[in-house]
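A structural walkthrough
Residues per chain, in single letters:
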Amino acid sequence: YRISYDPTRFPKYIPEAYCLCKGCLMGIFGEENFHFRSTPVYMPTVILRRTSSCAGGRYVYTEDYVTIPVGCTCVPEQEKEAESVNSSIDK
């Protein structure tokens, strides 16, 4: 995890996950497998964002919705043939 700091939001400190490996650790000995890729998992979260206005000598905050990476998961890599078929469908 890395700590994200923003003095204009509440909470000021938010831990954010990041993936250490490109592939996924699998097998008996935890070898990195590149047939899978490590991908962040996001969670929508509400924070309070400080505005430039004050009321009664105090800051005014508004709700803000952000997505925060909370962990990593393994996703299978697509085969090259499957990618070319999908790309023609998307067009």
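Report follows, based on the coordinates. (Residues numbered from 1 in each chain as written. Predicted model: local features only at pLDDT ≥ 70, side-chain atom pairs only at ≥ 80, totals over all residues. Heavy atoms only, no water.)

Re the packing of aromatic side chains
The full count for this structure, using the stated rule, is one aromatic pair. Considering the side-chain rings of Y5 and Y13, the 4.9 Å spacing of their centres and the 40 degrees angle between planes classify their relative orientation as tilted. Judged by its relative accessible area of 54%, Y13 falls in the exposed class. R2 extends its terminal NZ or CZ atom over the ring of Y18, reaching a point 3.7 Å from the ring centre. Note that R50 overlies the ring of Y59, its terminal NZ or CZ placed 4.2 Å from the centroid. (Phe/Tyr/Trp six-rings, centres within 6.5 Å; stacked < 30°, edge-to-face > 60°. Buried < 20%, exposed > 50% of the residue type's maximum accessible area, 1.4 Å probe, protein only. Lys NZ or Arg CZ within 6 Å of the ring centre and 35° of its normal.)

Describing the environment of G71
By the element assignment, G71 lies in strand β7 (residues 58-76). With residues up to four places along the chain from it excluded, the contact list for G71 reads A17, T39, P40 and V41. (Helix = DSSP H or I, 4+ residues; strand = E, 2+ residues; numbered from the N terminus. Contact = heavy atoms within 4.5 Å.)

Some remarks on the sheet that holds β7
Taken in spatial order, the three strands of this open sheet run β2-β6-β7, and their pairing is antiparallel. Here the strands that pair on one side only, and so sit at the sheet edges, are β2 (9-10) and β7. As paired strands, strand β6 (residues 36-55) and β7 are joined by 17 bridges and run antiparallel to one another. Of the residues in β7, the one forming a bridge with Y42 is P69. (Pairing = 2+ DSSP bridges.)

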